[in-house]
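Coordinate inspection notes
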Amino acid sequence: MSQVVGDVLQPLESSLAVTTSESARQKQKIAALKEKLQVLESGHAVKLRETNYYMSKGRAIRRIVTLFDTVEDMISKNDRRCDLDKDKDDNVTLDQEHLQIGYIALNHALPWFHPKASDMEYEDYMLMLKKLRQGADAAWGDDTSKLKSLVADWVNREFNPNPPVDPEDKHHHGFINDASGRLLCLTELDWNNPIVRAGIRDCADGYIVTEMSWPAFLYEKYSADQNNLEEGLFKGTLLLQAFNAIFMSPSSAKEVAGEGDGADNFNSGKKVKTHVAQIINMRKLQFVLSSVTSWCSVDGNFDYIPFWQNIVDFFERPPGRAAQ
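Keep in mind it's a predicted model, so treat the numbers as computed, not measured.

1. Looking at the side chain of Ser180
Assignment of secondary structure puts Ser180 in helix α7 (residues 178-184). In this view, Ser180 contacts His173, Gly174 and Leu289; residues no more than four positions away in its chain are not counted.

Written out as structure tokens, the structure is:
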């Protein structure tokens, strides 16, 4: 440092710096670092809350949106539909229609999704999709685990099978067990006939159970009128119990009697966006009744993807003017 004396630059005899102790300087550095840490922790807390929010909202996807389709596929389909609308191209497949229905249901379940996704950076957007998927998968696992013991108890109480349905041993579920086999049997087949039971278990011609017919557990009193297959459809007691257990509480399932307002509302014929929760629940119940030990889309000759799509179409694309 220096100073001007007359016209001559002279050096300062001493520094203008204020002397402070080493301890004080260290405390100041620590205070500055703590302030930076608080800023970082605040940002981390916000990110954590956001992540938990996406995961909690993602639980709705496998419950009230779609059972098989991914969010990415539904978004891509909607984008393609927008492009097709611009080009006036009506060449849309049935699978694409199902994806579009799913995207509509997604936006009803998560109304914030579309505007938020439009304004996000790519990395934040991909993180959001990842957390939504994790939440969806977690909800599926939780629901299936909850139904394992509940459904076994309901079936044992109602049918009193011998041996009883064991919630811990799915190898003895499905058509091996008389009670679960009766519920999974197609309505056009008579489970009480020993020839039919043997034919189903052996996958003999004429007795193969596929997704193209309705299983008995979907029907009120587990029986269908072959001259009117819509009568009593989706009013099965077990089906309504499973719905109540997942979407309300396990205790509320005890109140289901398979008739009255609850069942009437279930079969009211409204659009799939208001009934997709019940539709998805059918698959969960069927999975618990079956002998399949882990989640897959095909069980023997029964493919659950077209089964799911058939039910969606029943609500969304009913045949005939009267049905609509």
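That shown, we press on.
2. Examining the confidence of the model for the protein
Of all residues in the protein, 78% attain a pLDDT of 70 or more, and the chain-wide mean is 78. Per-element mean pLDDT across the protein ranges from 44 in helix α10 (residues 261-266) up to 94 in helix α8 (residues 194-201). Low pLDDT (under 50) marks residues 257-276, which in the prediction has 40 contacts with non-local residues, meaning those over four places away or in another chain.

3. What about the packing of helix α6 (residues 122-159) against helix α9 (residues 237-247)?
Axis separation between α6 and α9 bottoms out at 10 Å; the angle between their running directions is 140 degrees. As far as their axial angle goes, α9 and α6 are oblique. Like other packed secondary-structure pairs, α6 and α9 cross with a definite hand, here right-handed. Of the residues in α9, those touching α6 at Asp143, Lys146, Leu147, Leu150, Trp154 and Val155 are Leu238, Gln241, Ala242, Ala245 and Ile246. A per-class count over the contact of α6 with α9 returns eight nonpolar, one polar and two charged.

Definitions and cut-offs
- Residues numbered from 1 in each chain as written.
- Predicted model: local features only at pLDDT ≥ 70, side-chain atom pairs only at ≥ 80, totals over all residues.
- Heavy atoms only, no water.
- Helix = DSSP H or I, 4+ residues; strand = E, 2+ residues; numbered from the N terminus.
- Contact = heavy atoms within 4.5 Å.
- pLDDT = per-residue confidence, 0-100.
- Axes fitted to C-alpha atoms, helices over the stretch in contact; angles between N-to-C directions.
- Parallel < 35°, antiparallel > 145°, perpendicular 65-115°, else oblique.
- Left-handed = near helix turned anticlockwise from the far one by under 90°.
- Nonpolar A, V, L, I, M, F, W, Y, C, P; charged D, E, K, R; others polar.

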